[in-house]
Amino acid sequence: MEKSKEREVKDGYVEKLVKLNRVAKVVKGGRRFSFSALVVVGYGDGRVGYGFGKANDVTDAIRKATEKAKASLITVPLKGNTIPHDVVGKFKSASVILKPAVPGTGVIAGGAVRLVCDAAGIKDIISKSLGSRNGINTVKAAFDGLENLFDASKVAKNRGKSLKEMWS
């Protein structure tokens, strides 16, 4: 039950539903159904986060996931509308290759990685998901890759150079 919904919320962030799953617990009287939701939240300026929520109702699961996503925001260093360099993110058996692209390329990514890139405000990127097709593990692998990106200003400062010397 793979879904992809986008909601613009008044606080300026974009909420994207990556996966909504109905799970059943077998009890004495039959099956008890509950829902789990994976949500990606982004502000379009490099800040993005994900959250996983479970509840007996769909709306409660999405609300919980959104709250967790807003609490786990990371900042992605951007170089224009793309990422500064190639990176590979891994989580369990899922791995995601992220490569910068020239302006006008667009987001060439599938499923969960596309939603993460859109929420982060990345306009030009090439990606490939390898290994697991599980949406949850793919999102975590994408976030691992985005967390391991180097910020050009921090690298220049550590090397004792100016930003202009680094990008000349």
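Residues numbered from 1 in each chain as written. Predicted model: local features only at pLDDT ≥ 70, side-chain atom pairs only at ≥ 80, totals over all residues. Heavy atoms only, no water.

(A) Spatial organisation of the overall build of the chain. Along its length, the chain carries 5 helices and 9 strands. If you list the helices and strands of the chain from N to C, you get β-β-β-β-α-β-β-β-β-α-β-α-α-α. The buried share of the chain, taken over its 168 residues, is 42%. Carbon and sulfur atoms make up 50% of the accessible area of the chain, which totals about 9700 Å². The chain carries 31 positive and 16 negative side-chain charges, and their two centres are separated by 7 Å. (Helix = DSSP H or I, 4+ residues; strand = E, 2+ residues; numbered from the N terminus. Buried < 20%, exposed > 50% of the residue type's maximum accessible area, 1.4 Å probe, protein only. Areas by Shrake-Rupley, 256 points an atom, 1.4 Å probe, with all protein chains shown as cover. Lys, Arg positive; Asp, Glu negative; His and termini not counted. Charge placed at Lys NZ, Arg CZ, Asp CG, Glu CD.)

(B) Representation of the environment of Met166. Of note, Met166 is situated in helix α5 (residues 163-166). Measuring from C-alpha to C-alpha, the distance between Met166 and Glu67 comes to 38 Å, with 99 residues separating the pair along the chain.

(C) Broad picture of the environment of Gly106. Tracing the backbone through its elements, the reader meets Gly106 in the loop between β7 (94-100) and β8 (107-108). For the pair Gly106 and Val139, spaced 33 residues apart in the sequence, the C-alpha separation amounts to 19 Å. For Gly106, the contacting residues outside a window of four places in its chain are Lys123, Asp124 and Ile125. (Contact = heavy atoms within 4.5 Å.)

Keep in mind these numbers describe shape, not what the thing actually does.
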